[in-house]
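Here is how the chains run, residue by residue.
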Amino acid sequence: MPTRLPLAAAAALGASALLLTGCVPNTPAGDALNVAITDTSCAVSADTAPAGAITFELDNTGSDLNEFEILADDKLRIVGEKENIAPGQPVSYTVQLDPGTYYTACKFQLVGEPIGLAEFTVTGEAAVVDADRQALEDEAVTNYIAYIRSQAGELLPRVQQLVAAYQAGDDATARTLFAAARVPYERIEPTAEAFGDLDPKIDYREVDAVAEGLDWTGFHRIEKDLWVPDADALNSDGTSAWLDWQPSTPEQRTRFGDQLVADVQQLLDLVSDPTFTVSLSDISNGAIGLLDEVATGKISGEEDWWSHTDLSDFAANVDGASVAFGNVEKLASTSDEGETLASEIRKQFDALETVLAQYGSVDDGFTPYDQVTDAQRKQLSDAVNALAEPLSQLTSTVLGV
Amino acid sequence: MTASPPTPPGPDDGISRRGLLGLAAVGGAGLVVGGAAGGALAASVAGAASGSGSTTRYDFYGGHQAGITTPAQDRLHFAAFDLADGATRDELASLLADWTDAAARMTQGLEVGETGAVDGSPYAPPEDTGEALGLPPSGLTITFGFGPTLFETAEGVDRFGLADRRPPALEPLPRFTGDALDPARSGGDLCVQACADDPQVAVHAIRNLSRIAFGRASLRWSQLGFGRTSSTSTSQVTPRNLFGFKDGTANLKAEEPAEVAEHVWVSSEQGPDWMVGGSYLVARRIRMIIESWDRVQLAEQEDLVGRTKGEGGPLSGGTEFAPIDLDATDADGTPAIAADAHVRLAHPDVNGGIRLLRRGYNFVDGNDELGRLDAGLFFLSFQNDPARFVTVQRSLARDGLNEYLRHVGSAVFAIPAGVPEGGSIGDALLA
């Protein structure tokens, strides 16, 4: 059989295959992996396992509840998680994994950034595709809800940091925190939008709030205080930036900051509610909706009119769409036609991420959007369109109607 | 489906925009014209009468592409596309095949795709965008072409292994006097000319082809046109351009097959083989400074053009179609047709006998920041060598009309021959 793998890699594969067939017993119960959890660490006893049902023995020696999760290779999409691991009460958790690269992590008190993120490789052959459609649907919904909760959980502390600096008048620090604080929100924006008045309070732009007669609060109110417009600057609708607007007083900063934290806390509470759920079409339509956000709001640079951090929102929307797609990918791929569509979507996600990577990353920041030329914007727009077109077919394919 | 001669191309399960009843009506009363078939050229065009019959339907498949000698329809939507970064030769081939299939359907009045505008899944966007539902074919023709950059980019990159297929005649046009070209309105890897008697049908065609292209190619520039400024058949009256003058009186007409063969179609002697039966298209977006023009005295307007404004007869005498006498003089001995008159400089006698088949349209794209209409002529000409256009355009360097004209967009495309049913417009190029 011809191979395109370099020799060393092929040799390594051969060795691990040998290991699998020769040295590892096939009974999963016999080789459970141990996970030592503290408030600040998450150590898995091995960084690899053969494909199939993998069992983790979770032992929390910390001071409060913890959570163990397994993320896909984008470090975002949750493929399995065990919540509410209490100190001193070891618990066993089994998850079915196909070959590939994953990441393990813990979440102290079930919220915030993943702790002890570590690569975890699953080797061998993929299990026979689960023919049980209901099981696939349940898995997609369960994992997407977990993702929404994890992002809402990361959002809160980031917003708290941003608001703390904003309220303290430390604008330089607040400016550095602004884009990153928005990322978890932009990844799950369709969820927030589903809660009616929450998205307007958190994420409305000034022109929209004015048009709808709403009290203007949220990220963009803070943004304009942090990037104070020049005297002759214009809003995106061509009106003067200073029309009915003045930089917030310290009292107003306290109010706007507290309001944003409260709204984000409410979002977290809503998605953490045990009755919170999403439907299959919510997931696939969420992926489509996030790309529409990019195509209409981010490409034009209207979203972050003063900070020009649009590309960070752009990337977060794409992350969110990619995760949502990943959750229903198996379901979409149950027919030949669906498999073709799914591979086209995946290809276009990769192409878009490659174009986006020319301008930075979510972690390191992006080129300010006002420095992105029209020709570059068109290249980004072309890549968005190339993805959005096949993605628009996803719901029909996932639902099979 | 009906007794009408052309077989609807593409899958037989296609759905009509009009439904079966509509199709039957077309079969009974509609005018069906095999316009693209080389052999049937004269007869087919003679049948097209006014071209305003909105049930007019032209074959897509045939020896030459439709939309060249086809009697000029009233409306235009023209689009230039660039291939996507990193697009492959296979993607180019698949795009041209998909475009061919969609174009064959739309020109017959059918919807794009198997499920069309309203018969697909309620959970998926419709295959066809739907704005032409219920509209007849409206004489729609769709004509495809390949720009020089498809073969080799300006930087000399051969993206699709086509550099050695580039016809030597297909080169970017040289710079002309009076050019004020905007790169964003010029060039392009591919072009699509959609002409129809109903603007909605022409726009529907470009919109759906653009959508099909996403991921493989994207719009570089596009142009809407109204009020054809040329007639390509003796059955059509000569229309007027935005200067208010009849335009294209001396144009090449479909009823002159020998002349069309001599001036328009690429011969086997000219080659290359894959271009035989094709042509070359020059597109120029010519802005007219009409506010200034409208202050010019009638006599001077006529002198600048070389024809009377009302009848359109040459200033050397006679009615519209009277031959132009370039040597005629007035009583005082001055030339009846001025040295810088447009008709003199564009005349075959001063251009080595060259005639172009023109197919231009008027445009008005809103107004500029000075409150002037952004109006003019979207010039389109077909010829079997772009050098013929270059000769005429260089002659026009002294044209007195230039004071009122700005050439702001420019492109040249190789127009391949037509394809038989089942073929793709890219077959000859990519063979």
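In this text, all values refer to a predicted model and were calculated from it rather than measured experimentally.

### So, the overall build of chain A
Part 1 of the argument: Scanning chain A from N- to C-terminus turns up 13 helices and 11 strands.
Part 2 of the argument: Taking 2.2 N^0.38 as the reference for a compact globule, 401 residues should give roughly 21 Å; the C-alpha atoms of chain A span a radius of gyration of 23 Å, in line with that estimate.
Part 3 of the argument: By its C-alpha atoms, chain A is 75 × 50 × 40 Å across when sized along the principal axes.
Part 4 of the argument: With 401 residues in all, chain A has 40% of them scored as buried.
Part 5 of the argument: Expressed as a percentage of contacts within chain A between residues at least 6 apart in sequence, the contacts between residues at least 24 apart total 71%.

### Things to note about the overall build of chain B
Part 1 of the argument: Within chain B, the regular secondary structure consists of 11 helices and 11 strands.
Part 2 of the argument: Evaluated residue by residue, chain B yields a buried proportion of 50% over its 431 residues.
Part 3 of the argument: Once local pairs closer than 6 in sequence are excluded, the contacts in chain B between residues at least 24 apart make up 73%.

### So, the confidence of the model for chain A
Residues and elements named next belong to chain A.
Part 1 of the argument: Residues at a pLDDT of 70 or more form 91% of chain A, whose mean pLDDT is 88.
Part 2 of the argument: Across chain A, the secondary-structure element scoring lowest on mean pLDDT is helix H1 (residues 7–23), at 37, and the one scoring highest is helix H7 (residues 219–226), at 98.
Part 3 of the argument: The low-confidence segment residues 1–30, where pLDDT is below 50, has 16 contacts with residues more than four positions distant or belonging to other chains.

### Section: helix H3 (residues 171–187) of chain A
Residue and element names in this part refer to chain A.
Part 1 of the argument: An ideal rise of 1.5 Å per residue puts 24 Å on 17 residues; H3 measures up with 25 Å between its terminal C-alpha atoms.
Part 2 of the argument: Where H3 bends most, the angle comes to about 35 degrees, and this point is Leu177.
Part 3 of the argument: Those residues of H3 that fall on the buried side of the exposure criterion are Ala174, Phe178, Ala179, Ala181, Arg182, Val183, Pro184, Tyr185, Glu186 and Arg187.
Part 4 of the argument: Looking at the buried positions of H3, the neighbouring elements they touch are helix H2 (133–167), helix H4 (189–194), helix H5 (198–203), H7, helix H10 (310–332) and strand S11 (365–366).

### Section: the sheet that holds strand S7 (residues 91–97) of chain A
Residues and elements named next belong to chain A.
Part 1 of the argument: Taken together, the 4 strands give an open sheet; going across it, the order is S2-S1-S4-S7, and neighbouring strands pair in mixed fashion. The sheet terminates laterally at strand S2 (42–44) and S7, the two strands that pair on one side only. Strand-to-strand twist across the sheet, computed as the mean angle between neighbouring axes with direction ignored, equals 25 degrees.
Part 2 of the argument: The pairing of strand S4 (residues 52–60) with S7 spans 7 bridges and is classified as antiparallel.

### Looking at the interface of chain A and chain B
Part 1 of the argument: Taken together, the contact pairs 12 residues of chain A with 9 residues of chain B.
Part 2 of the argument: Of all the secondary-structure elements, those providing two or more residues to the side of chain A that touches chain B are helix H12 (374–391) and helix H13 (394–399) of chain A.
Part 3 of the argument: In terms of residue count, the dominant contributor to the side of chain A that touches chain B is H12(A) (5 residues).
Part 4 of the argument: Within the side of chain A that touches chain B, the residues separate by chemical class into 3 nonpolar, 7 polar and 2 charged.

### Here's the deal with unusual backbone geometry
Generally, phi is negative for residues other than glycine and the peptide bonds are trans, each holding for most cases.
Residue and element names in this part refer to chain B.
Part 1 of the argument: With an omega dihedral of -10 degrees, the bond running from Gly271 to Pro272 counts as a cis peptide bond.
Part 2 of the argument: In this fold, Pro272 is placed in the loop between helix H6 (257–263) and strand S7 (279–288).
Part 3 of the argument: With a phi angle near 60 degrees, Ser138 is a residue other than glycine that sits in the positive phi range.
Part 4 of the argument: Mapped onto the secondary structure, Ser138 falls in the loop between helix H3 (89–107) and strand S4 (141–146).
Part 5 of the argument: Ser138 sits in the buried class, given 26 other C-beta atoms within 10 Å.

### Section: the UniProt feature "domain: Dyp-type peroxidase N-terminal" (unreviewed entry) in chain B
Part 1 of the argument: UniProt's feature table lists "domain: Dyp-type peroxidase N-terminal" (unreviewed entry) at residues 65–226 of chain B, given in the numbering used throughout.
Part 2 of the argument: Between the end C-alpha atoms of residues 65–226 of chain B the distance is 22 Å, and the span holds 23% helix and 20% strand.

### Points about the nonpolar core
Part 1 of the argument: Formed by 184 residues in total, the largest nonpolar core has its most connected members in A:Ala287, A:Leu291, A:Leu387 and B:Leu281.
Part 2 of the argument: What A:Leu387 contacts, discounting residues up to four positions off in sequence, is A:Leu291, A:Ile345, A:Gln348, A:Phe349 and A:Leu352.

### Some words on the domain arrangement of chain A
All names here are of chain A.
Part 1 of the argument: The assigned domain composition of chain A is domain 1 (15–128) and domain 2 (139–399).
Part 2 of the argument: In this complex, domain 1 contributes 11 residues to the contact, which on the side of domain 2 involves 13 residues.
Part 3 of the argument: Its residues assigned to classes, the side of domain 1 that touches domain 2 shows 6 nonpolar, 1 polar and 4 charged.

### Section: the UniProt feature "domain: Dyp-type peroxidase C-terminal" (unreviewed entry) in chain B
Part 1 of the argument: Mapped onto the present numbering, the UniProt feature "domain: Dyp-type peroxidase C-terminal" (unreviewed entry) falls at residues 238–419 of chain B.
Part 2 of the argument: Split by type, residues 238–419 of chain B is 19% helix and 23% strand. Its first and last C-alpha atoms lie 31 Å apart.

### Some points on the environment of B:Ala184
Residues and elements named next belong to chain B.
Part 1 of the argument: Looking at where Ala184 falls in the secondary structure, it is placed in the loop between helix H4 (148–151) and strand S5 (190–196).
Part 2 of the argument: For Ala184, a count of 12 C-beta atoms within 10 Å puts it in the exposed group.
Part 3 of the argument: For the pair Ala184 and Phe146, spaced 38 residues apart in the sequence, the C-alpha separation amounts to 17 Å.

### So, the confidence of the model for chain B
The predicted coordinates should not be examined in detail at positions where pLDDT is low.
All names here are of chain B.
Part 1 of the argument: Of all residues in chain B, 88% have pLDDT values of 70 or greater, and the mean over the chain is 88.
Part 2 of the argument: Confidence over residues 1–16 falls short of pLDDT 50; this stretch has 38 contacts with residues more than four positions distant or in other chains.
Part 3 of the argument: Taken together, the stretch residues 18–53 has pLDDT below 50 and engages in 86 contacts with residues farther than four places along the chain or on a different chain.
Part 4 of the argument: Reported for the predicted complex are a pTM of 0.82 and an ipTM of 0.76.

### Here's the deal with the sheet that holds strand S3 (residues 48–50) of chain A
Residues and elements named next belong to chain A.
Part 1 of the argument: With mixed pairing, 5 strands are arranged side by side in an open sheet as S3-S9-S8-S5-S6. This sheet does not close on itself; its edge strands, each paired only once, are S3 and strand S6 (78–85). Taking the axes of each pair of neighbouring strands and ignoring which way they run, one obtains an average angle of 20 degrees across the sheet.
Part 2 of the argument: With 3 bridges connecting them, S3 and strand S9 (residues 115–123) associate as parallel partners. Note on S9: the bridge partner recorded for Ala49 is Val122.

### Observations regarding the packing of H3(B) against helix H5 (residues 199–213) of chain B
The angle between the axes and the distance between the axes are what describe a pair of packed helices.
Residue and element names in this part refer to chain B.
Part 1 of the argument: One can describe the packing of H3 onto H5 by two numbers: an axis separation of 10 Å at closest approach and a directional angle of 155 degrees. As judged from the angle between their axes, H3 and H5 are roughly antiparallel. The hand of the H3/H5 crossing is right-handed. The segment H3 lies against H5, with Leu95, Asp98, Trp99, Ala102 and Met106 engaging Ala205, Asn208, Leu209, Ile212 and Ala213.
Part 2 of the argument: Residue composition of the contact of H3 with H5, grouped by class: 8 nonpolar, 1 polar and 1 charged.

Quick notes on the rules
Residues numbered from 1 in each chain as written. Chains lettered and ligands numbered in written order. Predicted model: local features only at pLDDT ≥ 70, side-chain atom pairs only at ≥ 80, totals over all residues. Helix = DSSP H or I, 4+ residues; strand = E, 2+ residues; numbered from the N terminus. Rg over C-alpha atoms; globule rule 2.2 N^0.38 Å. Buried ≥ 20, exposed ≤ 12 C-beta atoms within 10 Å, placed from the backbone. Contact = placed C-beta atoms within 7 Å. pLDDT = per-residue confidence, 0-100. Expected span 1.5 Å × (residues − 1). Bend = angle between axes of the 7 residues up to and from the residue. Pairing = 2+ DSSP bridges. Axes fitted to C-alpha atoms, helices over the stretch in contact; angles between N-to-C directions. Nonpolar A, V, L, I, M, F, W, Y, C, P; charged D, E, K, R; others polar. UniProt positions renumbered as here; feature names shortened; annotations may be inferred. Core = buried A, V, L, I, M, F, W, Y, C linked by C-beta atoms within 7 Å. Domains from an automatic or database assignment. Parallel < 35°, antiparallel > 145°, perpendicular 65-115°, else oblique. Left-handed = near helix turned anticlockwise from the far one by under 90°.

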